[in-house]
Structures are given as C-alpha cells and as structure tokens.
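An overview of the molecular structure
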Amino acid sequence: DAGVIQSPRHEVTEMGQEVTLRCKPISGHDYLFWYRQTMMRGLELLIYFNNNVPIDDSGMPEDRFSAKMPNASFSTLKIQPSEPRDSAVYFCASSLTTSPADTQYFGPGTRLTVL
Amino acid sequence: AQSVSQHNHHVILSEAASLELGCNYSYGGTVNLFWYVQYPGQHLQLLLKYFSGDPLVKGIKGFEAEFIKSKFSFNLRKPSVQWSDTAEYFCAVNAGNTDKLIFGTGTRLQVFP
C-alpha cells in the first residue's frame, strides 16, 4: 500500500489567494483526519470524516477554511482567502476505525507558506 | 476538555544517555495513550500505544512508556539513545468516549554523537 498521499508537498502563495490541499487516504480506511502543525500550537485536529461524512469540524479555525470528502478515496482542505497566519504544515491521516487498537496513519504533509 | 502537556520542549542528549520525556493528560475516565515520532523530513509514525493491560508498554526501536493512572502520566523512556533518535516526539490521548486524538505540543530531541 502506498500509504496516505498528500499533494502538493509544498505550496507557496500570496495572501488572498485560494489554496487547495489534497489527500488520498489508505484504501479501506473509514476515517480521515486533517491536522495543522505550527511551532506555537503543535499539532491540532481541524476536522475529521467517517465514511465521507464530516463528524467534527470544531477545530476549523474560521469560515475561510472548508473541507470536503466527495468519495472514500479523496478529500480536500481549502483556504479562501489565505492569510500569512495560515502558514503551517497540514497533515492528513486515516484509520480503519477509531478503536485504540487501530493506528492513525499520517501522510507526509503539505508545507504551506502564505506571503 | 481533554488536554495533553509535554513540559520538555527541547531536549539535548549525548549518545548512550538515558531518555525520559514527560507527558501528562487531563481526563478522569478511561483513556488510550499514544506516542508518535516525527523524524526529520518524515511524517508522523506510531511509536507505541496503551489502551489496556500491562501499564508498561514497549514500542519500536527500544522505546517504552509507563502509564501511571494516579499521576495522569504516560512518560516515554529509552535507556540509551542513539543519534538516529533525533526527532520530534508527540504524546497523544484519546478519551474512551471520543474519536479524536488530542496531541501535545511535542518535544524536540537532539542527540549528539
């Protein structure tokens, strides 16, 4: 299995532009998570899906952020408009279930820089 | 609300030194506890986890962690570190009635030869 795939790996954009981050979870995994990692706040959960349905988006910072999962093999995290404070590494993770016996598998992350 | 505290933000050790990274959580009920590691330039991967049974958990690469319920702690240990252990280490907790992992802010470990 290729693991969790994220694209792009690096994104540099200017303030005000729309940014779309993409994630392909491991096949067969029912749960997909989006995290943001910054120096100040560490690793924060933004939103997670179960069977393509958003379950908890309480970690999404504001309305500029949105996430979708149109099918079991693809999810997007969109920021519109982007701001410099959105600069961070965004991780996607997937798991078979949320049982503690199952592990969350992380993708390589997308490093976003907003100028 | 659940929270996880990692008090050591940056630890510097020489090879062969012993390691202990602190992790405390705030939740009074059943918890599942995890340590993840992020090597330079790589993605997070699971180091070890506890969800029941023996409170002393052994993970990959010689790491272990002990769950002490009375102290709300899940400290990570390794008797003798190597240069290749240089990485960032994250403690995480999942309360028994939720699906979410709550991560600590991480501890950056640097091991010098």
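As the structure is a prediction and not an experimental result, all values here were calculated from the model.

On to the environment of Ser 94 of chain A, then. Residues and elements named next belong to chain A. Relative to the assigned elements, Ser 94 resides in strand E9 (residues 88-95). For the pair Ser 94 and Lys 78, spaced 16 residues apart in sequence, the C-alpha to C-alpha distance is 18 Å. Once residues within four sequence positions are removed from consideration, Ser 94 is found in contact with Val 4, Pro 25, Ile 26, His 29, Tyr 31, Leu 32, Phe 33, Thr 103, Gln 104 and Tyr 105. There is a polar contact of 2.8 Å between the side chain of Ser 94 and the side chain of His 29.

Here the focus is the state of the cysteines. A covalent bond between the sulfur atoms of two cysteines is referred to as a disulfide. By the definition in use, this model includes two disulfides over all chains. At a sulfur-sulfur separation of 1.9 Å, the disulfide partner of Cys 23 of chain A is Cys 92 of chain A. Between Cys 23 of chain A and Cys 92 of chain A, the S-S torsion sits near -65 degrees, and that sign places the bridge as left-handed. A residue pair is termed long-range when its members are at least 10 positions apart, and Cys 23 of chain A in strand E3 (residues 19-24) and Cys 92 of chain A in strand E9 qualify at 69 residues. Neither Cys 23 of chain A nor Cys 92 of chain A differs from the other in exposure class; each is buried. Here Cys 23 of chain B pairs with Cys 91 of chain B through a disulfide, and the sulfurs are 1.9 Å apart. The sign of the S-S torsion, about -65 degrees, decides the handedness of the disulfide formed by Cys 23 of chain B and Cys 91 of chain B: left-handed. Of this pair, Cys 23 of chain B sits in the loop between strand E3 (19-21) and strand E4 (24-26) while Cys 91 of chain B is found in strand E10 (residues 87-95), placing the two residues 68 residues apart along the sequence. On the basis of relative accessible area, Cys 91 of chain B is assigned to the buried category, the value being 0%.

Another point: the layout of surface pockets. Roughly 760 Å³ of volume is contained in the largest pocket. Along the wall of the largest pocket there are 31 residues; nearest its centre are Gln 37 and Arg 111 of chain A together with Gln 38, Glu 88 and Arg 108 of chain B. Contributing elements (two or more residues each) for the lining of the largest pocket: strand E4 (31-38), E9 and strand E11 (110-114) of chain A together with E10 and strand E12 (107-112) of chain B. Of the residues in the lining of the largest pocket, the class split is 12 nonpolar, 15 polar and four charged.

Regular strands show a simple pattern: their side chains alternate between the two faces of the sheet. All names here are of chain B. Here strand E5 (residues 31-38) pairs with strand E6 (residues 45-50) via five bridges, running antiparallel. When the sheet's bridge partners are listed, Phe 34 is paired in E6 with Lys 49. The turn linking E5 back onto E6 is made up of six residues, and Gly 41 within it adopts a positive phi angle of 75 degrees.

Turning our attention to the side chain of Gln 6 of chain A. Residue and element names in this part refer to chain A. One can find Gln 6 in strand E1 (residues 5-7). Within the structure, the side chain of Gln 6 is placed 3.0 Å from the backbone nitrogen of Gly 109, a separation counted as a polar contact. Excluding its chain neighbours within four sequence positions, the residues that come into contact with Gln 6 are Arg 22, Trp 34, Tyr 90, Phe 91, Cys 92, Gly 107, Pro 108, Gly 109 and Thr 110.

Backbone-to-backbone hydrogen bonds pair the strands of a sheet. The strands run either parallel or antiparallel. Residues and elements named next belong to chain A. Taken together, four strands build an open sheet; the order of strands is E1-E3-E8-E7 and the sheet is antiparallel. Here the strands that pair on one side only, and so sit at the sheet edges, are E1 and strand E7 (65-71). The average undirected angle you get between the axes of adjacent strands in this sheet is 15 degrees. Pairing between E7 and strand E8 (residues 74-79): five bridges, direction antiparallel. Looking at the pairing, Ala 67 lines up with Leu 77 of E8.

Calculation criteria
By convention here, each chain's residues receive numbers from 1 onward along its written sequence. For this description, chains carry letters from A and ligands carry numbers from 1, given in the order in which they are written. Local features in a predicted model are, by the rule used here, given only for residues with pLDDT of at least 70; side-chain atom pairs are given and counted only at 80 or more, and totals for whole chains, interfaces and linings are based on all residues. As a rule here, side-chain values cover all heavy atoms of the structure and leave hydrogens and water aside. By definition, any uninterrupted DSSP run of H or I lasting at least four residues is a helix, any uninterrupted run of E lasting at least two residues is a strand, and each is numbered from the N terminus. It only takes one pair of heavy atoms within 4.5 Å for two residues to be counted as in contact. Polar contact is defined as a pair of N or O atoms within 3.5 Å, subject to the rule that within protein one atom must be able to donate a hydrogen and the other to accept it, and that residues adjacent in sequence are counted only when both atoms are side-chain atoms. In what follows, a disulfide is any cysteine sulfur pair within 2.5 Å. With a 1.4 Å probe rolled over the protein chains alone, any residue whose accessible area is under 20% of its type maximum counts as buried; one over 50% counts as exposed, and the rest are partly exposed. A cavity here means a set of points on a 1 Å grid, drawn over the protein atoms and nothing else, where a 1.4 Å probe fits but cannot get out; a pocket is an open set with protein on both sides within 12 Å along at least five of seven lines, and a residue lines either one if it has an atom within 4 Å of a point. Grid points are joined across faces, edges and corners, and a volume is the space filled by probe spheres set on the points. In this classification, Asp, Glu, Lys and Arg are treated as charged, Ala, Val, Leu, Ile, Met, Phe, Trp, Tyr, Cys and Pro as nonpolar, and every other residue, Gly included, as polar. We call two strands paired when DSSP finds no fewer than two bridges between them. Axis lines are fitted through C-alpha atoms, for helices just across the contact stretch, and the angle between N-to-C directions can take any value from 0 to 180 degrees.

None of the figures reported here should be taken as evidence of function without further support.
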